[in-house]
Structures are given as C-alpha cells and as structure tokens.
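Spelled out, the chains give:
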Amino acid sequence: MRVFVTGATGFIGSAVVRELLDAGHQVVGLARSDKSAAALTAVGAEVHHGDLDDLNSLREAAGSADGVIHLAFKHDFTNFEAAAAADSLAIEAMGAALKGTGKPLVATSGTLMLLPGILGTEEQASMQSTPRRSEEAALGLAVQGVRSSIVRLAPSVHGEGEMGFVPTLIEIARKKGVSAYVEDGLNRWPAVHRLDAARLFRLVLEKGDAGAIYHGVADEGVPFRDIAGVIGRHLNLPMLSITREEADAHFGWLSFAASTDNPTSSTLTKERLGWQPAYPALIPDLEQGHYFIS
C-alpha cells in the first residue's frame, strides 16, 4: 500500500514510517523543510514537500495514495483553537481526495478529549466543549465512501527522544526545584510507548473499520503522583502537593493535563485489531533514566 503520512518525521510519525516500511508498505512523508526531507529519504521513504496550511498540496498527496495517516498538528498550546481549526481543514482536504474510494484515512485525537473521572472507552464521544474537531471531521468522511477512523492517543506517548508532556514536567521540576502534583495526585494519566502506538496506526490503516475509534493506550491510568515520584527521585528533588488554584502558575499550559483524571481503556481496540502493547510501560520507561540525561 502506498501511504501518505503527515507528521512523518515527528516523535510518533518517524516510528510509524519505520513500522510501515518494515511491513512492506511504500511511504510518502510530508516534509516542511530540507532537514525533514533528508530524514525521510534516509529511511527509504518518498518526500512530499508542503505543510498543513497548503490544502491543495495535501489533497494532491492524498489523492495519489492508497491510504493516509494524519499525525501532524501545530503544537501551539497558546493558540490551541487556531491549531485545531487548521487540523480539521487538513483532514477535510485530504478526505475530499478520497471520497468514494473506500481508501483508509486514519486521523489522530487524544484521550484528554474524553469526559474526566470515568473510565473512557472507544464508544464514548469526545467532549463537545473542546475546540479540537479532528474526530468530527474524520468520522464525517465515513458516510462519504472513505474508510476513515480515529486513533485517540494517551497524553503520554513515551520512549527515547520524546519532547512532549513528560520532558516538560521534568523541565518544570528542574526550574521550580520541586516535583509537584495536584492535591492528592491520584488523578490518572493513560500512557503508551511510541513503538506500540506505531504498530496500532499500521493495524488501523490495514484493517480498521470506517467510522471506528481506537485507543492508543497501554497503561489505563498511572497516578500522577507516581510520575512525580519518579521525577523527584531521579532529579533528587522533593515532592510537593499543590492546590488546583496553584496549578496554572506552576504547570503553565500543561496545567489541564496535570490535574485531569483521564483513565482510559483500550479493551475494544485490542479485541478488534489484535493489538497487544509489547514495550515498557510508562513508569519502567522513566526508571531507565534516559529521560533525565541533560
């Protein structure tokens, strides 16, 4: 299968590209820069130059592919609504090129879009109060002859080279001199290793159902206090409980994720696709120490 991948040189995307190539697929990766293009060429993928704002280019690349995996997102959390709008437009543009073909389009969402405090399942809708509409955009294509589906990723997609939530928590702890958690710290973070997530994206591409939602979750919910504890031990810093009112000042843009209880199941995903996470869980991965090498 010839697969167009956006976000192909990112932390997750680069693992997805390798997973696809190893499984015998051809990969065309979206590249915004010469550096990204060189990285794709080096692993044996083709290059499509462009970005998320070039909708005509996205339509062209999707139209010449047998399937699409959409991972790119503008990670500007200071202007999340604009980033979410660009994401939806990109999905709609690529979907327009696939209408009536039955070809797969796999888009990405997050488990943090689910109602907090209860075990989230693949059958639950995302919260309508959130500005991100990737699920609405992608799943709407399923009635237009596109085998569109969603992978909801855990907030912590971890592994060597991560530049996301956990490294941000570590950097905050270094700067503040404490490893903090909110109130009792028992709010739960789901997690998945990037290589397990990459395999899931391939499986959804190959055999996912139109209109289906899948969960990229291995740990259903790691208590945030446990994460703070590992960070504190490795940095030799004390742990500190802070109030919800103090969370914004301490965690900044990460405050919502750091204080939300987001337990999430992937039982249906495993049953439907035969997906079984095989790589280290979040806490064992953190304990290996690679996150703390400056």
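For the chain, the name recorded in an unreviewed UniProt entry is SDR family oxidoreductase, with Paenibacillus zeisoli as its organism.

Novice: Quick question: what am I supposed to make of the pattern of salt bridges here?
Specialist: Side chains bearing opposite charge may pair, as long as their charged atoms lie close to each other. All chains considered together, the criterion is met by nine salt bridges. Between Arg-2 and Glu-46 there is a salt bridge, and its shortest N-O distance comes to 2.9 Å. With a gap of 44 residues between them, Arg-2 in strand E1 (residues 2-6) and Glu-46 in strand E3 (residues 46-49) connect regions that are remote in the sequence. The exposure class of Glu-46 is partly exposed, given its relative accessible area of 34%. Where Glu-287 meets Arg-233, a salt bridge forms, and the shortest distance between an N and an O atom there is 2.3 Å. Here Arg-233 lies in helix H8 (residues 224-235) and Glu-287 lies in helix H12 (residues 282-287), a separation of 54 residues in the sequence. Since its relative accessible area comes to 35%, Glu-287 is described here as partly exposed. One salt-bridge network, in which partners are shared between bridges, spans Glu-19, Arg-202 and Glu-206.

Novice: I tried to follow the nonpolar core on my own but got confused; where do I start?
Specialist: For soluble globular proteins, the rule of thumb is that nonpolar side chains tend to be buried together. Ranked by size, the top nonpolar core spans 35 residues in total, and within it Val-5, Ile-12, Val-16, Leu-20, Ile-69 and Phe-201 carry the most contacts. For this core, the elements supplying multiple residues, two or more each, are E1, helix H1 (11-22), strand E2 (26-31), helix H2 (34-43), strand E6 (147-153), helix H7 (194-207) and strand E10 (212-216). Sequence-distant contacts of Phe-201, that is, excluding residues within four places in its chain, are made with Ile-12, Val-16, Ile-69, Leu-71, Val-106, Thr-108, Val-151 and Leu-153. Counting residues in each nonpolar core, the second largest holds 29 residues, with Val-222, Phe-224, Ala-228 and Leu-235 among its members.

Novice: How should I be thinking about the domain arrangement of the chain in this particular structure?
Specialist: It is common to report an interface's size as the accessible area lost on association of the parts. Parsing the chain into structural domains produces domain 1 (2-157 + 190-219 + 264-273) and domain 2 (159-189 + 221-262 + 280-288). Spacing between the C-alpha centres of domain 1 and domain 2 amounts to 26 Å. With 16 residues of domain 1 at the interface, the matching set in domain 2 holds 20 residues. For the pairing of domain 1 and domain 2, the buried interface totals around 1600 Å² over both sides, and the portion due to carbon and sulfur atoms is 61%.

Novice: Just to check I follow, could you spell out the packing of aromatic side chains for this structure?
Specialist: By convention here, two paired aromatic rings are described through the distance between centres and the angle between planes. Per the stated rule, a full pass over the model turns up four aromatic pairs. In this structure an aromatic cluster arises from ring pairing among Phe-165, Trp-189, Phe-224, Phe-251 and Trp-253.

How each quantity is defined
Residues numbered from 1 in each chain as written. Predicted model: local features only at pLDDT ≥ 70, side-chain atom pairs only at ≥ 80, totals over all residues. Heavy atoms only, no water. Salt bridge = Lys/Arg side-chain N within 4 Å of Asp/Glu carboxyl O. Helix = DSSP H or I, 4+ residues; strand = E, 2+ residues; numbered from the N terminus. Buried < 20%, exposed > 50% of the residue type's maximum accessible area, 1.4 Å probe, protein only. Core = buried A, V, L, I, M, F, W, Y, C linked by side-chain atoms within 4.5 Å. Contact = heavy atoms within 4.5 Å. Domains from an automatic or database assignment. Buried area = accessible area lost by both parts, 1.4 Å probe. Phe/Tyr/Trp six-rings, centres within 6.5 Å; stacked < 30°, edge-to-face > 60°.

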